[in-house]
Amino acid sequence: MKAAVVVFPGSNCDRDLAVAFEQAGFEVSMVWHKDSQLPEGVDIVGVPGGFSYGDYLRCGAIAAQSPICQAVVSHAERGGYALGICNGFQILTETGVLPGALLRNAGLKYICRTVDLTVATSDSAFTQGYNAGDVIGVPIAHHDGNYYADDATVAALKDQDRIAFTYVDNPNGSVADIAGILSENRRVLGMMPHPERASDEGHGGTDGVAMFRALSGLLADA
């Protein structure tokens, strides 16, 4: 299986994400934001956390206009898999690959700690390694993680079982406690918490490992 991890000026979780993919058996390529194409044969694109372009304008707004993001959008439109984490989630909403927007945290403060998430659905490539209703511990590190979408969009996400994770104790004001959502074809996941930071016992937890292993197993059988 082949994974590509996009690197922007200000990315700081790109290597963490690459290691999580590698530990699950992926061959990983690092892709620079000025590249216009993804490597041949990529199965999944990882859009990592960090502060792309210093979070100027809106978080992810400048990165969404980069050459590589055009390739990421095309990859998603062809049915390719993509995983956007934290700033990566913000970028995927800015490109329109995922609905909604990430606003300033309700308390207007940067939050960095491990939080409990409820697995809202196991019906996706990303969450099939869990059972719906499982509670997992995953770190967050964001200032603009307050997920917002209008009532119709939130209703559609609920009706289509596209809410992947919810916060047990909402830290940022996200509507409906949403921590992560799926695209309509369920092949793109955007989430604010960092599963790649919960993939090594030395980092304090391994609740994120099941996500990468599930992806590995699914794509290996494809």
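Residues numbered from 1 in each chain as written. Predicted model: local features only at pLDDT ≥ 70, side-chain atom pairs only at ≥ 80, totals over all residues. Heavy atoms only, no water.

### Overview of the overall build of the protein
- A tally of regular secondary structure across the protein gives five helices and eleven strands.
- Scaling as 2.2 N^0.38, a compact globule of 222 residues should have a C-alpha radius of gyration of about 17 Å, and the protein matches this with 16 Å.
- Its C-alpha atoms put the protein at 40 × 40 × 35 Å along the principal axes.
- Relative to its 222 residues, the protein shows a buried fraction of 54%.
- Sequence-distant contacts, at least 24 apart, represent 73% of the contacts inside the protein between residues at least 6 apart.
- Of note, the protein has its 14 positive side-chain charges centred 4 Å away from the centre of its 26 negative side-chain charges. (Helix = DSSP H or I, 4+ residues; strand = E, 2+ residues; numbered from the N terminus. Rg over C-alpha atoms; globule rule 2.2 N^0.38 Å. Buried < 20%, exposed > 50% of the residue type's maximum accessible area, 1.4 Å probe, protein only. Contact = heavy atoms within 4.5 Å. Lys, Arg positive; Asp, Glu negative; His and termini not counted. Charge placed at Lys NZ, Arg CZ, Asp CG, Glu CD.)

### Quick notes on the nonpolar core
- Among the nonpolar cores identified, the biggest contains 65 residues, and F21, L83 and F165 are the most heavily contacted of them.
- Looking at this core, the element that brings in the most residues is helix α2 (residues 67–77), giving six residues.
- Sequence-distant contacts of F21, defined by excluding residues within four places in its chain, comprise A3, V5, F26, V28, I44, G46, L83, F212 and L215. (Core = buried A, V, L, I, M, F, W, Y, C linked by side-chain atoms within 4.5 Å.)

### Focus: the sheet that holds strand β9 (residues 163–167)
- Pairing within the open sheet is mixed, and its nine strands lie in the order β2-β1-β3-β4-β11-β10-β9-β6-β7. The open sheet has two free edges, formed respectively by β2 (27–32) and β7 (135–142), since each of these has just one partner strand. This sheet shows a mean twist of 20° between the axes of neighbouring strands, independent of strand direction.
- Two strands pair when backbone bridges link them, and strand β4 (residues 81–85) and strand β11 (residues 188–191) are joined in this way by four bridges, in the parallel orientation. Opposite L83, over in β11, you have L189 as the bridge partner.
- Set on the sheet, α2 makes contact with β1 (2–7), β2, β3 (44–47), β4 and β11; between it and β3 the angle comes to about 135°.
- Contacts from helix α3 (residues 87–95) reach β3, β4, β10 (178–182) and β11 within the one sheet, and its direction differs from that of β4 by about 120°. (Pairing = 2+ DSSP bridges. Axes fitted to C-alpha atoms, helices over the stretch in contact; angles between N-to-C directions.)

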